[in-house]
Number of protein chains: 4
Amino acid sequence: MEEKIKVGVIGATGMVGQNFVVLLKDHPWFEVVYLAASASSAGKKYRDAVAGRWHMREGIPEKVQDIVVEDASDVDRAVGKCSLVFSAVEMDKQAIIEMEAKYASKGFAVVSNNSAHRGTEDVPMVIPEINSDHLNIIPDQQRNHGWSKGFIVVKPNCSIQSYMLPIYALMKAGYTVDKMIVTTLQAVSGAGYPGPASIDMIDNIIPYISGEEEKSEVEPKKIFGRIEKGKFVPNESIKISAHCNRVPVSDGHTACVSVAFVGKKPELEEIISIWQDFTALPQELKLPSAPVPPLVYRTEIDRPQPQKDRNTGRGMTVTVGRLRRCNVFDYRFVGLHHNTIRGAAGGAILIAELLKAQGFVK
Amino acid sequence: MEEKIKVGVIGATGMVGQNFVVLLKDHPWFEVVYLAASASSAGKKYRDAVAGRWHMREGIPEKVQDIVVEDASDVDRAVGKCSLVFSAVEMDKQAIIEMEAKYASKGFAVVSNNSAHRGTEDVPMVIPEINSDHLNIIPDQQRNHGWSKGFIVVKPNCSIQSYMLPIYALMKAGYTVDKMIVTTLQAVSGAGYPGPASIDMIDNIIPYISGEEEKSEVEPKKIFGRIEKGKFVPNESIKISAHCNRVPVSDGHTACVSVAFVGKKPELEEIISIWQDFTALPQELKLPSAPVPPLVYRTEIDRPQPQKDRNTGRGMTVTVGRLRRCNVFDYRFVGLHHNTIRGAAGGAILIAELLKAQGFVK
Amino acid sequence: MEEKIKVGVIGATGMVGQNFVVLLKDHPWFEVVYLAASASSAGKKYRDAVAGRWHMREGIPEKVQDIVVEDASDVDRAVGKCSLVFSAVEMDKQAIIEMEAKYASKGFAVVSNNSAHRGTEDVPMVIPEINSDHLNIIPDQQRNHGWSKGFIVVKPNCSIQSYMLPIYALMKAGYTVDKMIVTTLQAVSGAGYPGPASIDMIDNIIPYISGEEEKSEVEPKKIFGRIEKGKFVPNESIKISAHCNRVPVSDGHTACVSVAFVGKKPELEEIISIWQDFTALPQELKLPSAPVPPLVYRTEIDRPQPQKDRNTGRGMTVTVGRLRRCNVFDYRFVGLHHNTIRGAAGGAILIAELLKAQGFVK
Amino acid sequence: MEEKIKVGVIGATGMVGQNFVVLLKDHPWFEVVYLAASASSAGKKYRDAVAGRWHMREGIPEKVQDIVVEDASDVDRAVGKCSLVFSAVEMDKQAIIEMEAKYASKGFAVVSNNSAHRGTEDVPMVIPEINSDHLNIIPDQQRNHGWSKGFIVVKPNCSIQSYMLPIYALMKAGYTVDKMIVTTLQAVSGAGYPGPASIDMIDNIIPYISGEEEKSEVEPKKIFGRIEKGKFVPNESIKISAHCNRVPVSDGHTACVSVAFVGKKPELEEIISIWQDFTALPQELKLPSAPVPPLVYRTEIDRPQPQKDRNTGRGMTVTVGRLRRCNVFDYRFVGLHHNTIRGAAGGAILIAELLKAQGFVK
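Residues numbered from 1 in each chain as written. Chains lettered and ligands numbered in written order. Predicted model: local features only at pLDDT ≥ 70, side-chain atom pairs only at ≥ 80, totals over all residues.

A. Highlighting the overall build of chain A. Along chain A, the regular secondary structure elements total 13 helices and 14 strands. Taken over the C-alpha trace, chain A has a radius of gyration of 20 Å; the compact-globule value for 362 residues is 21 Å, and the two agree within 12%. Taken over 362 residues, chain A has a buried fraction of 57%. Within chain A, contacts between residues at least 6 apart in sequence are counted, and of these 75% link residues at least 24 apart. (Helix = DSSP H or I, 4+ residues; strand = E, 2+ residues; numbered from the N terminus. Rg over C-alpha atoms; globule rule 2.2 N^0.38 Å. Buried ≥ 20, exposed ≤ 12 C-beta atoms within 10 Å, placed from the backbone. Contact = placed C-beta atoms within 7 Å.)

B. Expanded view of the relation of the copies chain C and chain B. With an axial shift of 0.0 Å and an RMSD of 0.0 Å, the rotation relating chain C to chain B amounts to 180°. Look at the turn and shift together and you get a two-fold axis relating the two. Distance from the rotation axis, computed per C-alpha, reaches its smallest value in chain C at Asp203(C): 3.1 Å. Both copies contact each other with a shared surface, as 100% of the interface residues of chain C are interface residues in chain B too. (Least-squares fit on C-alpha atoms with pLDDT ≥ 70 in both.)

C. Summary view of the relation of the copies chain B and chain A. Once turned by 180° and shifted 0.0 Å along the axis, chain B lies on chain A with an RMSD of 0.0 Å. Both copies contact each other with a shared surface, as 100% of the interface residues of chain B are interface residues in chain A too.

D. Looking closely at the sheet that holds strand S2 (residues 30-37) of chain B. Read across the open sheet, the six strands follow the order S3-S2-S1-S4-S5-S6 (chain B); overall the sheet is parallel. Each edge of the sheet is formed by a strand with only one pairing partner; in this case those strands are strand S3 (70-71) and strand S6 (151-154) of chain B. (Pairing = 2+ DSSP bridges.)

E. Looking closely at the interface of chain B and chain A. Across the boundary between the two partners, chain B contributes 35 residues, which contact 35 residues of chain A. Those elements giving two or more residues to the side of chain B that touches chain A turn out to be strand S7 (176-186), strand S10 (239-246), strand S11 (253-262), helix H12 (306-309) and strand S14 (331-337) of chain B. Counting residues per element, the side of chain B that touches chain A draws most heavily on S10(B), at five residues. Taken together, the residues of the side of chain B that touches chain A break down into 17 nonpolar, eleven polar and seven charged. (Nonpolar A, V, L, I, M, F, W, Y, C, P; charged D, E, K, R; others polar.)

F. The arrangement of the interface of chain C and chain B in detail. In this complex, chain C contributes five residues to the contact, which on the side of chain B involves five residues. The residue inventory of the side of chain C that touches chain B, partitioned by class, reads one nonpolar, one polar and three charged.

G. Spotlight on helix H1 (residues 15-23) of chain D. The buried fraction of H1(D) is high, at eight of nine residues. The inward-facing, buried residues of H1(D) contact strand S1 (5-10), strand S2 (30-37), helix H3 (62-65), strand S4 (84-87) and helix H13 (341-357) of chain D.

H. Spatial organisation of the nonpolar core. Judged by nonpolar contacts, the single largest core of 201 residues is most densely connected at Leu84(A) and Val85(A). Non-local contacts of Val85(A), meaning those with residues more than four positions away in its chain, are made with Val7(A), Gly8(A), Ile10(A), Ala78(A), Tyr103(A), Phe108(A) and Val110(A). Residues Ala36(D), Ile130(D), Val259(D) and Val318(D) belong to the second largest nonpolar core, which totals 199 residues. (Core = buried A, V, L, I, M, F, W, Y, C linked by C-beta atoms within 7 Å.)

I. Structural detail: the environment of Trp54(B). All names here are of chain B. By the secondary structure assignment, tryptophan 54 is in the loop between helix H2 (46-49) and helix H3 (62-65). With 39 residues separating them in the primary sequence, tryptophan 54 and methionine 15 have C-alpha atoms 8.0 Å apart. If sequence neighbours within four positions are ignored, tryptophan 54 has contacts with Gln18 and Ile60.

J. Geometry of the sheet that holds strand S5 (residues 109-112) of chain D. Residues and elements named next belong to chain D. Spatially, six strands are ordered S3-S2-S1-S4-S5-S6 in an open sheet, and the strand pairing comes out parallel. Looking at strand neighbours, the two that pair on one side only are strand S3 (70-71) and strand S6 (151-154), the edges of this open sheet. Looking at chain direction, S2 and S3 are connected through two bridges and run parallel. What sits directly across from alanine 36, in S3, is glutamate 70. Contacts between helix H4 (residues 93-105) and the sheet are confined to S4, S5 and S6, with S5 contributing the most and set at about 150° to the helix. Its contacts with the sheet place H13 against S1, S2, S4, S5 and S6, and it is angled at close to 150° to S5. (Axes fitted to C-alpha atoms, helices over the stretch in contact; angles between N-to-C directions.)

Put into structure tokens, the structure is as follows:
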């Protein structure tokens, strides 16, 4: 049996960091050997550092309980201990940009859940089923910064994951998406801990999530974009308008999507076939976290629902349903994904698996 | 002091019937003197007929507790006792169409909360602030059926009320709406009692409500339509696409709306002014249930919210917020109304008040 | 018309402070003229000081919007402006003890919602229907501290209010309570803002509330105690055991109570009569906030319920139901009250009204 | 590999029936080969019979989808097809009593989730960790009815499962329980489908569940009772008083328990040790569904919680926490279990496993 790749989690004590730790528990390729967080946690065993603020529904994995947490800002401490770090730090944007770059400069593959570097023009923002080829920018990125071995890859925002795969499947099948109007009903776990106050989520919804609509509209353009002269050129031809709502659901973001095509339009039954047949590189490479199939179409009239569909494919599958004609655009449908798995830590782990499968990480 | 108009509630034991009874409790113009329901309730005092299934948050109004419930299908029993009936019966569509017609034929003004007659070509479907002039079809309706005094007026579906007033205000100000994509987040009370099972509404949303999207798309066309040769001609120039979701909220339907205009487009600040200044006939006539103002625009970034805004104007005001440009259409906003007051019994009572103010009921 | 008594709210920007401001809006006896909070709010208009953190379901009362907030620690600023202050400060216990004493020393009647002084041996902890005579300690308190005019009165914890009135009514009728086992199901608003995270209150209950069980067991003893030599002597003869749970309810604490008497035991029907007939000094004095009746017994088998009963008597009535024999003790019942009205600001205002009616405040 | 025992589910289309089908999916000892329900489902494939009313969070197991559902009342149809039936029928009590007896008379081992036979004096009501020896009544039961091979065993009510194991562990360790006052906070799934209306469970709790308090008080006496002359003699020495509440939780019943001992009283630390060390026959026999350990004590101050602890031991473990002294009795604690697994179908399957291990079923 091949030796596992040693990995670290930076920002390991926060909500997303805890998710990484749980999802990597029995990972066949990766072994968590390094945990770092803010200076206040440094020096404590992980079990003590998260005592009283462990929010996962299962316990702290045994293997990591006694790991002594390091100070995330002390990058040199990680050198020699692991080759890839998952970044889940919670700091201000500029500080994260710099810290992640520092890890890259020291030779680490950085796979970040954070939004800080999503706009950086030589940092790939990857959904492995869609734009695995964007990893090809890594040599450019390294050259731009003078990094010999390290690099940064980021995962996009959770709010877009319910519609990116179904839309991409249609693009891949030859249809050109012109515009989309999307309304999301997002789970509270997307806000981290503590997130919304319960008094605001009992008998209520909140029709606003800070920064979420902008991300939902801008990030798809980069993901659907192309590399040109060592930089990403966004695909500006798709216009997206997003309404983002917070609803009293623990996990699982739902999106109501209306989509218009330009040029040839698919038939309804054809769309369902395209979705049902959709597969991509992560599935071909049999990446451990790649869901098979990546897309599930439910035929029941009232699905997908967060409670019943979020855990499909161990939380990595995107579930769609209710495909029907739209009075204004061409089609309407509902998409759903598990926001803390596919939409956060699980999506980042899938990127790391892709990096290993393609030789970027050893 | 003028004598009050005697009114009845048909279907008085159901959820909407109970709402009518509560909202009419101290009405300055109307007095509930007649209550009818299914044969199984007939002969019982109202208090006994609703025992164990009274779902209002306040008690049964004292004045009606001892009224003996009549059989709703025995229309003759109502003759001479009241001149207007609010219809909240729960039966199959054809049976309701016939029963409401029978009440009209016996001389009653029928104001119905039910959907059965909404498509009837000579029955006005009225939001008093918008199409009070549609009542002018009543003489035609009476002539068509040979009714001397009675007639039928209906209230539209609750799902459309969050966007009809704000859209109409812009139309009235001279702007032409071309198309709208709307996603609703609807409260469980809209489904009557018992409505959705709690196991389906804990940690969940349901992205489907039977019949609701069709109503949301079709009914506005009639309301914005015109009378021609004694029939309604729908306004087909507005295209609407609706996604309707059920969310774990008790009362208050929220709508996320994207709207495109044709021709001249209003400025953002102008729209807010139009909404803030909007007033209509019910306000001019000082109808007892007419909210002043009918529209409230909230400037907070995360409003309207069901919990905080549904009771504005005693549940009769429509609250709007988050007006912003849309990447795909022209503007986006969020609208909210109280679905069992403005959207159901309260909206019907406002119609009845309009009927009285305009001399259709005496 | 008599001039209103000028009052202040100390800690006016917090959740309880906001409740005071709303409940005092149109008070017939009191007028809010003074608002104080932490130094960071001082100098701002109240509307600006609470912008973005106004959590009431109705808006900021117009009369107070433009009041400039003072620094609560600068007690001298309040002198001459008002004669009574409601204390809703959120600081550490010792700081509150000192600040409230300072206000008293400067001549203010201090009516506190805070727990800091509840254990102070010469400070009365009052539920006006139960121990209005405890105000008689005020002259002793003033003498002990050398205060000429000011004094401190406190309101007990919200968790006990669902059972104190029903239990006291039986004691007043001549029955001696021996022991009680109580389990509370408490609303999230009891924790202030933000209180529990929504992720912890979706599809969950939390069987623990910090400090709540101790308060629930200890405070009744002082309230049922007596004054002796200028100090309170707790009634140690009643033994109480409390289990306190947080449940996903916005407002309204429910208590499941088993009670054992010593000596003569009342009949079941007699207990209901005692509750239904119960009235007390606040009702006799017609204090503006005194609910009539103070206790309501519901005969439906599944009441009281937070959603349906919390607003009885404008939130000041305690509702009881389900009285039945207990297999282990003598009787069992369920009690419910509105925790932010009767259990917090409303209860404190009732104390202030009692103080005025009895001449302690002018 | 030994051949699996063929089993049937009677009442297979209801909520509990569906739970049986899902929990038995990959059972190492049992194979579902027979499904029966009401006459209206008979003749349909199982997938069709449950279409539109499948409420499990995972899909219909493939192996049973095409089984043709039989009429449960036609007992002869089952003969020769299986040897054990799980009963989850929903009918009136007398009808169930007769139907289950008929299955027994035809030679089937009947393991029932229903309450109908719980009071029958020769039918054992079993929690396998507690009273496995009660199965010894089976020969008497068979003799009483002239049944050669078949018999009936029942599972107790879900409401008692959170406290029976922890209490029994103390009894087994030599302590004598005198009395208990218990308040339960029960999940909505305990009411079957549809169960409580969502409008009653949003921002609310209901302090009443029909029949539940009686079951919670009576059933433990039989379980802790003994066999005498072929009948069960309840243990009347333990007095229990129960308050049962419905709370907005999907799965997981919580119980707040106060307990008094007679005679020697255990130390607090000793109780925790007893719980942590507790094991019983199902664990010794390594029954497939037996959780190891059967009891988990959580040391965190705010546990157990439904959301975090219900799935411990695949839903078969009972979790306890918050052990502390009681002011009125001796100790207090909180217990929690998964009501549709340990408390319903899973508990019944554990009984069936015990029956096989002990040779009652082959």
